[in-house]
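# Summary of the model geometry
Spelled out from the first residue to the last, the chains are:
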Amino acid sequence: MKKPVIAIDGFSSTGKSSISKIIAHKLGIVHLDTGALYRGITWFALQNCKDENLDIDLQKLYSSFPLIHLEFKNVNEELVLYLNDKDISVDIRTNEVSNSVSFIAKQKEVRDFLLQFQQNIAEKGGVIMDGRDIGTVVFPNADFKFFLTASIEERTKRRYQELLGLGIEADVNQVRENLIERDRIDSERKIAPLKQAEDAILIDNSSLSKKETIERILSYINN
Ligand code: DC
């Protein structure tokens, strides 16, 4: 039997990636955190494509696309993002990247560059992909689509804990403001905005644990 293609979209810090990772393991399918790809491009731009005012020069970024090789490598059962053979899994979580990623992610050139990469991975089926436009644009024909949401208080708490866990210094108010601002830019952008696909199942996990959210999702898949 062909393994399913599962789309998990939703607001920032609703646990999409960590939940998807566990579901992938349980179902024996591949997990792809597409937010990490947008963060990877942003990190590259911040390192290599700044103009004299230290703003990101988009034209320079686009002409550098042939030099950007993103790859997920399996390291001790964890998928780790490499950019040109450098492990960038911690670099992409910094505040600097979080503050610029929505600006980079709303550019058509960037989205086109990453679309093919994402679609190629699911050619053989058996993938759970989390992001913002997976059910609407990347896999409109996914076998299962879920859209996760949670209160801003709960999401702030989760992102803050995640940053502390990675050893990245954080201020709760800044984390909160960044989440609100990113969700606003991601929802309002013209191309592939963050929105629930009409046929996606909505899950508000404000008062659900990670385990309960996973059980809820699996109850639809294993039905
Ligand atoms: O999931 P995340 O918070 O790591 O994602 C970082 C940013 O990348 C997010 O603010 C919007 C963008 N993104 C996107 O536009 N489309 C996706 N499929 C995934 C992420």
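Residues numbered from 1 in each chain as written. Predicted model: local features only at pLDDT ≥ 70, side-chain atom pairs only at ≥ 80, totals over all residues. Heavy atoms only, no water.

Along helix α4 (residues 95-105), the positions that sit buried rather than exposed are V97, S98, S100, V101, S102, I104 and A105. Where α4 is buried, its residues contact α2 (34-48), α3 (58-64), α5 (108-121) and α8 (172-188). (Buried < 20%, exposed > 50% of the residue type's maximum accessible area, 1.4 Å probe, protein only. Helix = DSSP H or I, 4+ residues; strand = E, 2+ residues; numbered from the N terminus. Contact = heavy atoms within 4.5 Å.)

To continue, consider the sheet that holds strand β2 (residues 30-33). Sheets are built from strands paired through backbone hydrogen bonds, the pairs being either parallel or antiparallel. Taken in spatial order, the 5 strands make up an open sheet running β2-β6-β1-β7-β8, and their pairing is parallel. Looking at which strands have only one partner, the edges of the open sheet turn out to be β2 and β8 (201-204). Averaged over all neighbouring strand pairs, the angle between strand axes comes to 20°, with direction disregarded. In this sheet, strand β6 (residues 127-131) lies alongside strand β1 (residues 5-10) in parallel orientation, the contact comprising 5 bridges. Paired with D9 across the two strands is G131, which belongs to β6. In this fold helix α1 (residues 16-27) packs onto β1, β2, β6 and β7 (144-149), with an angle of close to 180° to the strand it touches most, β6. Each of β1, β7 and β8 is contacted by helix α9 (residues 210-221), which is oriented at about 160° to β7, the strand it contacts most. (Pairing = 2+ DSSP bridges. Axes fitted to C-alpha atoms, helices over the stretch in contact; angles between N-to-C directions.)

Quick look at the packing of aromatic side chains now. Scanning all chains against the criterion turns up 4 aromatic pairs. With centroids separated by 5.8 Å and ring planes inclined at 85°, the aromatic side chains of F11 and F147 adopt a geometry described as edge-to-face. Taken together, the positions of F11 in the loop between β1 and α1 and F147 in strand β7 put the pair 136 residues apart, joining distant regions of the chain. For F147, a relative accessible area of 6% translates into the label buried. Every member of this aromatic cluster is reached through a ring pair, and the members are Y62, F65 and F113. Between the NZ or CZ atom of K73 and the centre of the ring of Y82, over which it lies, the distance is 4.4 Å. (Phe/Tyr/Trp six-rings, centres within 6.5 Å; stacked < 30°, edge-to-face > 60°. Lys NZ or Arg CZ within 6 Å of the ring centre and 35° of its normal.)

We now examine the layout of surface pockets. For the second largest pocket, the calculated volume is near 190 Å³. N95, S98, Q174, V175 and N178 are, among the 16 residues lining the second largest pocket, the residues nearest its centre. Sorting the residues of the lining of the second largest pocket by element identifies α4, α7 (152-165) and α8 as the ones contributing at least two each. Here the element with the most residues in the lining of the second largest pocket is α8; it accounts for 5 residues. Among the residues making up the lining of the second largest pocket, the classes are represented as 4 nonpolar, 5 polar and 7 charged. (1 Å grid on protein atoms, 1.4 Å probe; cavity = no way out; pocket = protein on both sides within 12 Å on 5 of 7 lines; lining within 4 Å. Points joined across faces, edges and corners; volume = space filled by probe spheres on them. Nonpolar A, V, L, I, M, F, W, Y, C, P; charged D, E, K, R; others polar.)

Function cannot be read off these values alone, since they describe shape.
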